[in-house]
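A look at the structure
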Number of protein chains: 4
Amino acid sequence: MAGNIFGQVFRVTTWGESHGKALGAVVDGCPPGLLLSESDIQRDLDRRRPREAPSSTPRREPDKVEILSGTFEGKTTGTPISLAIYNKDVKSESYDSIKDVFRPGHGDFTYQEKYGIRDYRGGGRASGRETAARVAAGAIARKLLEREKIMVRAYTLELAGVRAEKVDLNVIDENPFFAPDLNAADKMHKRIVEIKEDGDSAGGIVEVVVQGCPAGLGEPVFDKLDAELAKAVMSIGAVKAVEIGVGLAAARLLGSECNDEITPEGFVTNRSGGILAGISNGDEIVVRAAVKPISSIEKEQRTVDSNMKPTTISVRGRHDVSAVPRIVPVCEAMVSLVIVDHLLRQRAIKQP
Amino acid sequence: MAGNIFGQVFRVTTWGESHGKALGAVVDGCPPGLLLSESDIQRDLDRRRPREAPSSTPRREPDKVEILSGTFEGKTTGTPISLAIYNKDVKSESYDSIKDVFRPGHGDFTYQEKYGIRDYRGGGRASGRETAARVAAGAIARKLLEREKIMVRAYTLELAGVRAEKVDLNVIDENPFFAPDLNAADKMHKRIVEIKEDGDSAGGIVEVVVQGCPAGLGEPVFDKLDAELAKAVMSIGAVKAVEIGVGLAAARLLGSECNDEITPEGFVTNRSGGILAGISNGDEIVVRAAVKPISSIEKEQRTVDSNMKPTTISVRGRHDVSAVPRIVPVCEAMVSLVIVDHLLRQRAIKQP
Amino acid sequence: MAGNIFGQVFRVTTWGESHGKALGAVVDGCPPGLLLSESDIQRDLDRRRPREAPSSTPRREPDKVEILSGTFEGKTTGTPISLAIYNKDVKSESYDSIKDVFRPGHGDFTYQEKYGIRDYRGGGRASGRETAARVAAGAIARKLLEREKIMVRAYTLELAGVRAEKVDLNVIDENPFFAPDLNAADKMHKRIVEIKEDGDSAGGIVEVVVQGCPAGLGEPVFDKLDAELAKAVMSIGAVKAVEIGVGLAAARLLGSECNDEITPEGFVTNRSGGILAGISNGDEIVVRAAVKPISSIEKEQRTVDSNMKPTTISVRGRHDVSAVPRIVPVCEAMVSLVIVDHLLRQRAIKQP
Amino acid sequence: MAGNIFGQVFRVTTWGESHGKALGAVVDGCPPGLLLSESDIQRDLDRRRPREAPSSTPRREPDKVEILSGTFEGKTTGTPISLAIYNKDVKSESYDSIKDVFRPGHGDFTYQEKYGIRDYRGGGRASGRETAARVAAGAIARKLLEREKIMVRAYTLELAGVRAEKVDLNVIDENPFFAPDLNAADKMHKRIVEIKEDGDSAGGIVEVVVQGCPAGLGEPVFDKLDAELAKAVMSIGAVKAVEIGVGLAAARLLGSECNDEITPEGFVTNRSGGILAGISNGDEIVVRAAVKPISSIEKEQRTVDSNMKPTTISVRGRHDVSAVPRIVPVCEAMVSLVIVDHLLRQRAIKQP
C-alpha cells in the first residue's frame, strides 16, 4: 500500500533515506539453495557507485553491503534475506540551505504536501541513493536468473543528445557512461563537460535487453510482462518514458511494418520487443527508459520557500550532472526483479 | 498473482473471453454511499463501442451492463459490485480458420506457450473485448472522482501519422476518432480509408489529462503515481510506450529546460506532467500512450501453424483498422482506476 | 483491502447479497488444463443446500451455478473462472419488519456503523447465503486437490451438545447433519426438534481432516499453514473458535504429553494436527471450528431500533435452527482453498 | 507469498534467525507525524525478554533496538521504518548436537522438507526469537493506537493448569508470568518449578483485550476482524487454538444464551467478544490463545536423525519451561498490528 514493496513471489521491501543511518532491502521469497555471498551483491553495488566521470557526484559512499539474515553456510535458506548498507559520507549540514526551499524538479514540494513532514537532508527517501537498495536486491535476482541462463544487460543508448551508433555489450564496462560504443562515449564525455561548465545537467536513454528469457512469462490482463516492466522502470526517479520494442515508433508504423512474421526458425524481426499480448515470446526482451536531466543545477531558478514566498535557488551540493550512467545498473536491477518474479509466478501454475 | 486484479484499495477483478458467455468485473473496495446506476456505466461502455468510422469492426455488441450486487436503493453499500456484460453477436465458427495458426502480432503463440491450451475464438482472453470490463469498472471510478471534482479525459492526439494541431476537449465526442481537433479528424478519416483499402492497419497516440487532482497522491518508492500510470496504460493490449509530461523528449533537454520553476501562483510550466518524485503536484497530469497498429491485417504475412510448419495468413475477420479510437475510453478508465485508488490510499494515512 | 478476496496464487473474489440479483465468485489463478464442468461445482453446492432436516430453513434456492468464463472445451484455460448463481426464491418484503431494528447477534448494527448504509434484506452481504460462492470456488480447489490425491472432508463432530462417538467418513452423507456417527445423528435430530419447538437455536463443532497432504506446505512466519487455516475457518460467519490438532487441550498438557514422537515409520501420534512450525508434516491435518447458535430466534430479545430506542424482537423469518450442517461443506471449501493455494505457493519456490 | 509480510496498510516485514547476525522488521505504511523514539519500542521489547522466572531460558539477549530509517527529528515521516536488533549472546556450537536430529514438536523436520536446507542453530527462523521483531513492530502500532485511545492488553489467564480467578490489569506487570491475579501467579510458580524439576514443560492460555476500539473495523467477507485476529494469533509459534468472546463454549450454548441483547446503553453482555459479522461493535474485543507446552524437554523422546534412522533426544539447551509468559507481549503486538491495520483500512473508505 505505501509503495515500498515490489514483486509478488520474489518480494522486495526497501527502506532508508539519503542521510539516515543506513538503507537496505529485505527479499522475501527467494528460493532456497541459491549460492549467495556479500561479494555477489557488492559487485553490482560497485557498478552503481559514482565513477570517475565528469557526470558524477563527489560524494563517495563505500556502499558496503551486509547480509544480516536468510543465508546459511553460503546458501539461501528460503527465509527473508535482509541487506543493510550503512551511510558513511554524510554531510547533512550542507543541506540546511534547502531546508525551507522547494527545489524545482525535486520531490520537496510533493513530499511536504503528502506527508506534512519531510527529511530534507539530501532528498531523504526521494534521493537517488534509495536505488542502492534496489541494486542490492536486484543482484540476488540476477544470481537466480543466471542459474536459468537468463541475462539482463543495460547500457546508455543516448546521453546529452549523443547516441550510441552500435551496441557492443563487451565495451559497456570499459567506459564510465556504460555506453555500448566507445566512440560515442568519447563524445558523451565532451558534451557532459560542456554542460557541467555551464552549470546545467543532461538526460538520456537507457536500453535494457534480456537474453535467454523463456516464452510464457507475464500474466494477462493487468500484470502483462510489459506493464510490469513499465512500472518497474518508471518507478526509477528520473524516468519520464518507457518503451517496449519499437516503442513510440509503433504509433507511425502500418500493421504490415510492425508485425513480426513467424517462421519455423523463429520470429523474423523483433519489433515487439520480445513480448506479445503481455507474455514473453522467447525472443530478446527490449526496454528503453528516457531519463530526464538531473534537477539540481547551478543555474539560478525561480522557486518558493515553505511559506510560499518567491525566491531563487542555485543548487551547488554534491550531485551528478546526469543520472543516466548510474541508472543503468538500477534498470538492470528492476528488470531482473520483474523477470525473476514472473519466472517464479509461472512455476506456480505449471503442472510439475 | 495471475494478473486479473488491479488496484489496492479500489480493487478490480476482470474476467471473460471474447466469445465466451459473458465478461465482467468485480469492484471490491468502492466506498459506500455513492449514487450508482447501470446508466452511469452504460454511458462509458457506449463510448467504447465501435463507431460508424472506417476504422471500426462490423461486430456489433450491445454491451449492455448489469449490476448484480453491491448497490441498494441506488447507492453503493461498500460490498463488492459485480458487473456482467453478456456476449450476443458471437460468430465463433469464423475463427476456425485460425484455430491452428499463430497470427503475427497476436498472443496466439504466447498463450499456447504459457498455458498449453487456448481459447482461440476471437482471441479469447487476449481480445480487445476484454477492455469492456475495464471501462465498466472505470466508470465507477469516474463517478467517485467526479464527486471530488477530478476529471479524466483522453483523446486521439495522433492517428495514422495525422496529429491533432490543437486540443479542444469540447470536440472530442463530435468525431468518431475522439480527436481534439476536427480538422485533424477529417485528415485521419481520409488516411484510414486509404490504409483500409490497402488491407493494412494503423497506430497512433492517445493522450490522457487529469484535471483537478490534488497534490499528494502516489506512493514512493515503487508505487509512484507515474509508475502506476505506466503499468495501467501499458497493460492495454496494443500500447508500446508510455510517456509522462514531456516524456521521451526529456532525454534531450537540459536541466534548465526541463525543470518547472515555481512561483507563489504555481508551477510556471508543466513539463513534469503533474508528478514530482512519484507524487502528484496539483498540476494537470499528462500521460501519453503509443498504440501499435492492429495486428490483424488482410495483407498476407508469413507465419507457422501449431505444428510449427510454415504457412501464410491474411486475416479477414471482423476487426478494426486502428485500435486507437477504442483505446481512448479504455485509457480514461485505466487512469481513473489509478487515480481513485491512490486517492483512497492517501486517505488511509491521513490524520482525520 | 475490502476483504472479499482470498488467497495468493489461487485467488478467489466473492460477491453478492442474500436478496440481490445473484451471487458468485471469480477464481483467478487456477492452473490451466483442469477438467471442469458445472456439474463438478453443482455437486458441492447441492451439499450446502438446506436438507430435509428440522434444523433447516424453508427457503429453497436451486443454487444453479453457471460458469461464465475461464474454461474451453471442458478444461480450464488459466484465465479467470467466473461463477454465477442467480437468486430465485427471494421474498424481500418479509424483511421489512427488520429494516429499522438491529437483530442481536447479527451484523445489522455493525454494518450500519461501518458503512452508514446497509442492504437489510435477509442480512444482505452478511447472510450465510454468501457462503454459496465460497463453496462454488472451493469445488474447483477440490478438483485440483483430487488430482494430487489430497482429500478434504468435514463433518459435524458435535451438534446441540450431542457429540459423535466415532468418526466414520462413510456415513457423513447418509444423514442430514453430516455427522460421522449415525447413532449420534439420531440424538442430534431429537435435540434439534426440542430446541426448535422452544423457539431457540443451537451451535456445535465441525471437524475437518485433510488426507494426503504432502509435507512442506505453509509459509513461515505470518502465513503459517495453521494461521491461514484459522483465518479461513474463522471467516465463516458463526465460527467463534478454531483449533488445530489437540487444540485448546494443548494448554493443559505437559510437553511430554503433547509432542509427537518420530520413528522411521512416521509420527507416533498426531497431536500437532499435521502441522509443525506452520508447515505441514505429511500427517493428517485436523482443524476444528466451534459454531455459535443461529442468532435469529423466535424467543423474544431486547434490542434497539435504528434511532437507538429500545424495542424487542422475535425473529420468525425463514432460517435454520443450527448453521452447523450447512457450515460443513463451507469448512471443506475454505480448507480446500487454503491447501490448494499453499500447494501452488510451494511450487513457485521449488527448483523444478 | 513467502509469508514474512503482515498487514495491508500498516505492513510489517520481519526477518532474522535465532543465531544469525541480527533480526528486525520493516514497517511500511506507518502514517507520518507520529512521535517515535527507540525507547518507545525498547519498553515493549524489554517486556518480552526472559524474566527472572523459573519458566525462563538462561539466554540473555539485551535486545537493543535501533531505528535505521523512517523517522526525522523524533517523528515518523511516512517512509519505511527499519528496525534492527543485533544478536549478542549467541552460542551456536551448543546446537551441533541437534544438527542431524529432528526434535519432536519443532519445525526441524518440516523446514527440511520444505526448503531442503535449514539453519539448525537455535531453530533458525522457527525460533521464538523471531517474535522479538514482531514486538518491535507492534510497539509502533501501539503508539498509534494510544493516540486513538485504544488500549491492547494481554495476560496469562492460565498456566500449567493454574487459572487466574480474577482479572486485575494492574498486577500484570508485577509478576513474572503476566498473570492478572497475584494469588494465581504464586501457584503458577510452584507448578512450574515442579514441572521443571521433572524435565518437562507446560502450556497455558493467553487472553487479550482491546479497550476503546471503535465500531466499524473489520472487512467482510474474508478479512473479518475475528478472522484476521485468528490468523495473527495462530501465527505465533506455539498457539494451537484461538477463541473470540465465548469461544469454544459457543458450541454448547443456545441462541438465547449466546446472543448479546442490545439496549440504548449498549450491549447487555459481551459473549460476541466485541465482534459481530466480522466487524467491531464498539465493545471490548476479547481474544484467547491456547499455547502448547515448549517442545524442548529434557525427558527422553524417540525421534529420527536426518537419515531417518531411529534415535532418542533429551534437549538440554537454553530454553524456557513455558512459552506462555513470553507470548503475552507477542499477542499484544499481533493484536495491535491487526487493529491498527483495520483502523487505517477503514479510513480509506470513509468519506472525509
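Now for a look at the structure at hand. (Residues numbered from 1 in each chain as written. Chains lettered and ligands numbered in written order. Predicted model: local features only at pLDDT ≥ 70, side-chain atom pairs only at ≥ 80, totals over all residues. Heavy atoms only, no water.)

Right, let's talk about the overall build of chain A for a bit. Each helix and strand counted, chain A has seven helices and 18 strands in total. Here the C-alpha radius of gyration of chain A, 21 Å, is about what a compact globule of 352 residues would show, namely 20 Å. Expressed as lengths along the three principal axes of its C-alpha atoms, the size of chain A is roughly 65 × 50 × 40 Å. In chain A, which comprises 352 residues, the share counted as buried stands at 70%. Summarising the internal contacts of chain A: among those between residues at least 6 apart in sequence, 70% fall at separations of at least 24. With the model as given, the accessible surface of chain A reaches about 10700 Å², and the carbon-plus-sulfur share is 48%. Distance between charge centres in chain A, computed from 48 positive and 50 negative side chains, equals 3 Å. (Helix = DSSP H or I, 4+ residues; strand = E, 2+ residues; numbered from the N terminus. Rg over C-alpha atoms; globule rule 2.2 N^0.38 Å. Buried < 20%, exposed > 50% of the residue type's maximum accessible area, 1.4 Å probe, protein only. Contact = heavy atoms within 4.5 Å. Areas by Shrake-Rupley, 256 points an atom, 1.4 Å probe, with all protein chains shown as cover. Lys, Arg positive; Asp, Glu negative; His and termini not counted. Charge placed at Lys NZ, Arg CZ, Asp CG, Glu CD.)

Bringing the relation of the copies chain D and chain C into the picture now. Under the fitted operation, chain D is carried onto chain C by 0.0 Å of movement along the axis and a turn of 180°, and the coordinates agree to an RMSD of 0.0 Å. Seen this way, the second copy is the image of the first under a two-fold rotation axis. No C-alpha of chain D approaches the rotation axis more nearly than that of Lys231(D), which lies at 2.4 Å. Looking at chain D, 100% of its interface residues are interface residues in chain C too, so the copies touch through the same face. (Least-squares fit on C-alpha atoms with pLDDT ≥ 70 in both.)

Now for the relation of the copies chain A and chain B. For the pair chain A and chain B, the relating rotation is 180°, the translation along its axis is 0.0 Å, and the fit reaches an RMSD of 0.0 Å. An overlap of 100% is found between the interface residues of chain A and their copies at the interface of chain B, pointing to a shared contact surface.

Another aspect to go through is the side chain of Arg103(A). All names here are of chain A. With respect to the helices and strands, arginine 103 occurs in the loop between strand 7 (81–86) and helix 2 (108–115). Taking relative accessible area as the criterion, arginine 103 reaches 7% and is therefore assigned buried. Ignoring anything within four residues of it in the chain, the contact list for arginine 103 reads Ile98, Asp108, Gly123, Ser296, Ile313 and Val315.

Before going further, it helps to examine the pairing of strand 18 (residues 310–313) of chain C. Residue and element names in this part refer to chain C. In this sheet, strand 18 lies alongside strand 17 (residues 301–304) in antiparallel orientation, the contact comprising four bridges. Within the sheet, the bridge partner assigned to threonine 303 lies in strand 18 and is threonine 311. Where strand 17 hands over to strand 18, the hairpin turn is made up of five residues, of which methionine 308 adopts a positive phi near 65°. (Pairing = 2+ DSSP bridges.)

The next thing to look at is the packing of helix 5 (residues 225–234) of chain C against helix 7 (residues 324–349) of chain C. Residue and element names in this part refer to chain C. At a minimum axis distance of 9 Å, the contact between helix 5 and helix 7 shows a crossing angle of 145°. In this structure, helix 5 meets helix 7 at a crossing whose hand is right-handed. Facing helix 5, whose interface residues are Leu225, Glu228, Leu229, Ala232 and Val233, helix 7 presents Met334, Val335, Val338, Ile339, His342 and Arg345. In terms of residue class, the contact of helix 5 with helix 7 is built from eight nonpolar, one polar and two charged. (Axes fitted to C-alpha atoms, helices over the stretch in contact; angles between N-to-C directions. Left-handed = near helix turned anticlockwise from the far one by under 90°. Nonpolar A, V, L, I, M, F, W, Y, C, P; charged D, E, K, R; others polar.)

In this section: the interface of chain A and chain B. The interface of chain A with chain B comprises 106 residues on the first partner and 107 residues on the second. Summed over both sides, the interface of chain A with chain B buries roughly 8300 Å², with 60% coming from carbon and sulfur. It is Met1(A), Lys114(A) and Phe222(A) that lose the most area in chain A upon contact with chain B, and together they represent 11% of the buried surface on that side. A salt bridge links Lys114(A) to Glu219(B); the nearest nitrogen and oxygen atoms lie 3.1 Å apart. Taken together, the links from chain A to chain B amount to 51 residue pairs in polar contact (both at pLDDT 80 or more). Partitioning the side of chain A that touches chain B into residue classes produces 52 nonpolar, 27 polar and 27 charged. (Buried area = accessible area lost by both parts, 1.4 Å probe. Salt bridge = Lys/Arg side-chain N within 4 Å of Asp/Glu carboxyl O. Polar contact = N/O pair within 3.5 Å; in protein donor to acceptor, adjacent residues only side chain to side chain.)

Turning next to helix 5 (residues 225–234) of chain B. Among the ten residues of helix 5 of chain B, ten are classified as buried, and the element is accordingly described as predominantly covered. Restricting attention to buried positions, one finds in helix 5 of chain B the residues Leu225(B), Asp226(B), Ala227(B), Glu228(B), Leu229(B), Ala230(B), Lys231(B), Ala232(B), Val233(B) and Met234(B).

Attention now moves to the sheet that holds strand 8 (residues 151–159) of chain C. Pairing within the open sheet is antiparallel, and its ten strands lie in the order 9(C)-8(C)-10(C)-16(C)-11(C)-11(D)-16(D)-10(D)-8(D)-9(D). For this open sheet the edge positions go to strand 9 (162–163) of chain C together with strand 9 (162–163) of chain D, each flanked by a neighbour on one side alone. The pairing of strand 10 (residues 204–211) of chain C with strand 16 (residues 285–291) of chain C spans seven bridges and is antiparallel. Bridge assignment links Val208(C) to a residue of strand 16 of chain C, and that residue is Val287(C).

Position of Thr13(B) relative to the elements: it lies in strand 2 (residues 11–16). Residue Thr13(B) is classed as buried on the basis of its relative accessible area of 1%.

Right, let's talk about the pattern of salt bridges for a bit. In the structure shown here, the tally under the stated rule is 120 salt bridges over all chains. We note a salt bridge from Asp173(A) to Arg47(A), for which the minimum N-O separation is 3.2 Å. Of the two residues, Asp173(A) sits in the loop between strand 9 (162–163) and helix 4 (182–197) while Arg47(A) sits in helix 1 (residues 38–48), which places them 126 residues apart along the sequence. On the basis of relative accessibility, which here comes to 42%, the residue Asp173(A) falls in the partly exposed class. Residue classification places Arg47(A) among the buried residues on the basis of a relative accessible area of 12%. A salt bridge links Arg118(B) to Asp108(B); the nearest nitrogen and oxygen atoms lie 3.7 Å apart.

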